[in-house]
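Listed below are the residues making up each chain.
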Amino acid sequence: MTRIYLVRHAQAEGNLYRRAHGAYNSLITPQGYAQINALKKRFADIAVDVVYSSPRFRTRVTASAIYGPKDIPMYVMDDLREVDCGPWEDRPWGDIRYYEGEQLDNFNYHFDQWHVDGAETAEQVRERMLRVMNTIVHECPDMTVAAVSHGMSSRILLGTLMGMSLKEISENFPHGDNTAVSLIEYENGKYHVVFANDASHLDQTTSTFANQTWWKGRGWEEVGLRFASLNLQQDTNAALYQLCGAEAWQSCHDSMERYDSAVFLERARYSQNTYPGAVLAAYHEDQFAGLLQLDIEAGSADGIGQVCFVYLTPEYRSRGVAIQLVGEMVSRYRSLKRKYIRLQCAKNNQNALNFFVRSGFRKIGETMEDAVDMDILELYIGF
């Protein structure tokens, strides 16, 4: 008998930032590393002969929790990869919901009907996942194997091995949490799923699903943001930018003394002339939700992406959506080949400081700007 532990990767940027990451190569988050430690403990007393992983960074790092302590071989198999979402790759789910809501519903609830030009189909994913299982049992007869893969690919495989059609998997088979473990046995030419999507090694503090609702089905859709360049040459947009800037200044300074809206607007316009995406408006559907301002010139020689302004409207604060602004800045600056994101946060803004630290930023220095003590924070986004 060959035993295969199928493991979903630890929490990665797409899971946290709520972006479509299939073929996109993303990093593990701080919470993801906590999940990896829990996975390592789970497998400490389980004998494993060999580990396989998809080629993505997030799966290979997760696989290290199993092969590293045991000093056993790990092989990369391309067929274990996640569904390639084609033109959806690295787009926020909120953006996809806004422009292609019908296809997103198909992806979530009817992926037998999901079709996006340039993306894999569910049938193609099923075929290659079955192919990789057949390869593993052929190469590893009577061995115990761990295979680290991805959420949708694993879901399709497990449901298929349990005799479900793609339609039935879509409607009846649940998603698995990050680092969820399933056990598949193979004997006499037949596969048997012993258990699926077990995440008992995680608790409320380490589970990804404990803080998300999208996976629960219809009626549990999350607040997904989309981003669009805010043209500051238009008077209405300039006024909106100045209104947000004034509210943020008041919050940090407890007064409007020394606030010069015209100077801040001109700086933002200069940045936008250099890079059209320098000032981005965040929307939930059609409702304005916040701003993100980048300065692609500052620190560029050192591989740094500078963030000048991060803002959410009062209506969207404390709703768990601020992390999507971080996801957008990561996406923008990684595409520009930056290795670090750097920003400043007022020392008296403890909520914001706590948020950025939880999101992976670390303090690298201090400064004073406009008579306010600031912490300089940095996030590594390279590989």
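The structure this text deals with has already been given above.
Given the structure is predicted, the values throughout are model-derived calculations rather than measurements.

Draft legend 1. Fine view of the nonpolar core. In this structure, Trp-88, Phe-107 and Ile-184 are the most contacted members of the largest nonpolar core, which totals 39 residues. For this core, the element with the most residues is helix H6 (residues 122-139), which contributes seven residues. Excluding its chain neighbours within four sequence positions, the residues that come into contact with Phe-107 are Val-83, Cys-85, Trp-88, Trp-93, Trp-114 and Met-152. Counting residues in hydrophobic clusters, the runner-up holds 24 residues, among them Leu-292, Val-330, Ala-352 and Phe-361.

Draft legend 2. Inspection of the layout of surface pockets at higher detail. One number sums up the size of the second largest pocket: a volume of about 630 Å³. Those elements that provide at least two residues to the lining of the second largest pocket are helix H1 (13-17), helix H4 (93-99), helix H5 (101-109) and helix H7 (151-161). Here the lining of the second largest pocket takes four residues from H5, the largest share from any one element. Here the residues of the lining of the second largest pocket are counted per class, giving 11 nonpolar, 14 polar and nine charged.

Draft legend 3. Examining the sheet that holds strand S6 (residues 190-198) more closely. Here six strands make up an open sheet; going across it, the order is S3-S2-S4-S1-S5-S6 and the pairing mixed. The outermost strands of the open sheet, each flanked by one partner alone, are strand S3 (74-76) and S6. This sheet shows a mean twist of 20° between the axes of neighbouring strands, independent of strand direction. Pairing of strand S2 (residues 50-53) with strand S4 (residues 144-149) involves four bridges; the strand directions are parallel. In the sheet register, Ser-53 faces S4, and the bridge partner there is Val-148. Against the sheet, H7 engages strand S1 (2-8), S4, strand S5 (181-187) and S6, with an angle of about 135° to S6.

Draft legend 4. Quick peek at empty space enclosed by the protein. Per the stated rule, a full pass over the model turns up two cavities of 30 Å³ or more. If you add up the space inside the largest cavity, you get close to 70 Å³. Where the lining of the largest cavity is concerned, the elements lending two or more residues are S1 and H7. Among the elements that make up the lining of the largest cavity, the one with the highest residue count is H7 (four residues). Roughly 40 Å³ of internal volume is contained in the second largest cavity.

Draft legend 5. Focus on the environment of Thr-313. Turning to its location among the elements, Thr-313 is positioned in the loop between strand S10 (304-312) and helix H11 (322-335). For the pair Thr-313 and Gln-113, spaced 200 residues apart in sequence, the C-alpha to C-alpha distance is 37 Å. If we skip the residues at most four places from it in the chain, Thr-313 touches Phe-288, Ala-289 and Gly-290.

Draft legend 6. Layout of the side chain of Glu-328. With respect to the helices, strands and loops of the structure, Glu-328 is situated in helix H11. Residue Glu-328 is classed as buried on the basis of its relative accessible area of 5%. Apart from the residues lying within four places of it in its own chain, the contact partners of Glu-328 are Arg-19, Pro-92, Phe-227, Leu-280 and Leu-292.

Draft legend 7. Broad picture of the packing of aromatic side chains. As enumerated under the stated definition, the model contains 18 aromatic pairs in all. Ring geometry for Phe-107 against Trp-114: centres 4.9 Å apart, planes inclined by 70°, an arrangement best described as edge-to-face. Both residues of the pair, Phe-107 and Trp-114, count as buried. In textbook terms, an aromatic cluster arises when at least three aromatic residues are bridged by ring pairs, as seen for Trp-88, Trp-93, Phe-107 and Trp-114. If you follow Arg-226 out to its NZ or CZ, it ends over the ring of Tyr-98, 3.8 Å from the centre.

Draft legend 8. Main features of the environment of Asp-84. In this fold, Asp-84 is placed in the loop between S3 and H4. Asp-84 sits 34 residues away from Gly-118 along the chain, and the two C-alpha atoms are 8.6 Å apart. What Asp-84 contacts, discounting residues up to four positions off in sequence, is Ala-23, Glu-89, Trp-114, Ala-119 and Glu-120.

The rules we used
Residues numbered from 1 in each chain as written. Predicted model: local features only at pLDDT ≥ 70, side-chain atom pairs only at ≥ 80, totals over all residues. Heavy atoms only, no water. Core = buried A, V, L, I, M, F, W, Y, C linked by side-chain atoms within 4.5 Å. Buried < 20%, exposed > 50% of the residue type's maximum accessible area, 1.4 Å probe, protein only. Helix = DSSP H or I, 4+ residues; strand = E, 2+ residues; numbered from the N terminus. Contact = heavy atoms within 4.5 Å. 1 Å grid on protein atoms, 1.4 Å probe; cavity = no way out; pocket = protein on both sides within 12 Å on 5 of 7 lines; lining within 4 Å. Points joined across faces, edges and corners; volume = space filled by probe spheres on them. Nonpolar A, V, L, I, M, F, W, Y, C, P; charged D, E, K, R; others polar. Pairing = 2+ DSSP bridges. Axes fitted to C-alpha atoms, helices over the stretch in contact; angles between N-to-C directions. Phe/Tyr/Trp six-rings, centres within 6.5 Å; stacked < 30°, edge-to-face > 60°. Lys NZ or Arg CZ within 6 Å of the ring centre and 35° of its normal.

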